[in-house]
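A structural walkthrough
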Amino acid sequence: MLHRGQESTDGSGDGELTVPMAWLYAEYIADELLRSGDLMPPTSFEFRAGRDALALTVFLSDTEGELSGIRVVTQLETWLSLTAYDQPWQEWVEERLACLAADAAAPEADLELARGAWRWLQETELLAPDLNAVPGGAVAGEDEGPKVWTPAWQLGLPLGHLAIHLF
């Protein structure tokens, strides 16, 4: 029996809070992929950008609502293709969020966290090397060369893509 203030994971009951299990699981997968790649310190904004971009990719690509531990390995190729450089990832995210919002069966708690992650990725800008300003695209060093403010998703997406490759 649930008491006032306790949360339910199945959404049954009137007015009870639900635990956003699908989003939390997607975030866990993204976190593990990034940590295994050891690309950025887990406390950095770049790591968060990568984790949120990957979590959105994992969460929004699970169209059947069946993301389980054993399916993670089979989904890696899908996530690689979605996060590839030449793909319209930003438009895909917006379309999938709109589809989920229109779906009455979509868990609102999961959707709200996904929307929050997407908002952060769009509104937050991180200082990054300006690869377009360097002849030939080569950067002399991490702290050298011109820098530009970049939306967090534009840094997080390639970071997530690389983490999947390294996994």
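Here's a quick rundown of the structure. (Residues numbered from 1 in each chain as written. Predicted model: local features only at pLDDT ≥ 70, side-chain atom pairs only at ≥ 80, totals over all residues. Heavy atoms only, no water.)

A look at the overall build of the chain
Applicable threshold: Starting at the N terminus, helices and strands are each numbered in turn, a helix being any DSSP run of H or I of at least four residues and a strand any DSSP run of E of at least two. When a residue's accessible area, from a 1.4 Å probe over protein chains only, is under 20% of the maximum for its type it is buried; when over 50% it is exposed; and in between it is partly exposed. Per-residue accessibility takes into account occlusion by the displayed protein chains alone, with areas from the Shrake-Rupley method and a 1.4 Å probe.
When helices and strands are tallied, the chain shows six helices and four strands. Scanning the chain from its N terminus toward the C terminus, one meets helices and strands in the order β-β-α-α-α-α-α-β-β-α. Buried positions account for 39% of the 167 residues belonging to the chain. Total accessible area on the chain stands at roughly 10,000 Å², and carbon and sulfur atoms take up 54% of it.

Observations regarding the pattern of salt bridges
Once the charged atoms of two side chains with opposite charge are near each other, the side chains can pair. Applicable threshold: Here, a salt bridge means any side-chain nitrogen of Lys or Arg that lies within 4 Å of a carboxyl oxygen of Asp or Glu.
Under the definition given, this model contains seven salt bridges. For R51, the salt bridge goes to E27, with nearest N and O atoms at 3.9 Å. Of this pair, R51 sits in helix α2 (residues 45-61) while E27 sits in helix α1 (residues 21-37); the two residues are 24 residues apart in sequence, bridging distant segments of the chain. The salt bridge involving R51 is made with D52; its shortest N-O contact spans 3.5 Å. A relative accessible area of 2% places D52 in the buried class. It is possible to trace a salt-bridge network through shared partners that takes in E27, R48, R51 and D52.

Side note on the packing of aromatic side chains
Using the following cut-off: Put simply, two rings from Phe, Tyr or Trp (the six-membered ring, in Trp's case) pair if the centres are within 6.5 Å, and we call them stacked under 30 degrees between planes, edge-to-face over 60, tilted for the rest. Two conditions define a charge located above a ring, namely a distance within 6 Å from the ring centre to NZ of Lys or CZ of Arg, and an angle within 35 degrees of the ring normal.
What the rule picks out here adds up to five aromatic pairs. Arranged with centres 5.6 Å apart and planes meeting at 75 degrees, the rings of W23 and F59 form a pair that is edge-to-face. Separated by 36 residues along the polypeptide, W23 in helix α1 and F59 in helix α2 bring together distant segments of the chain. The same class applies to W23 as to F59, namely buried. Taken together, the aromatic side chains of W89, W118 and W153 make up a single cluster linked through ring pairs. Above the plane of the ring of W120 lies R48, whose end atom (NZ or CZ) is 3.9 Å from the centre.

A look at α2
Cut-off, in case you're wondering: By this rule, a helix spans an expected 1.5 Å times one less than how many residues it contains.
For α2, with 17 residues, the first-to-last C-alpha span of 24 Å sits near the 24 Å given by 1.5 Å per residue. Within α2, 14 of the 17 residues are buried, which leaves it mostly tucked inside the rest of the structure.

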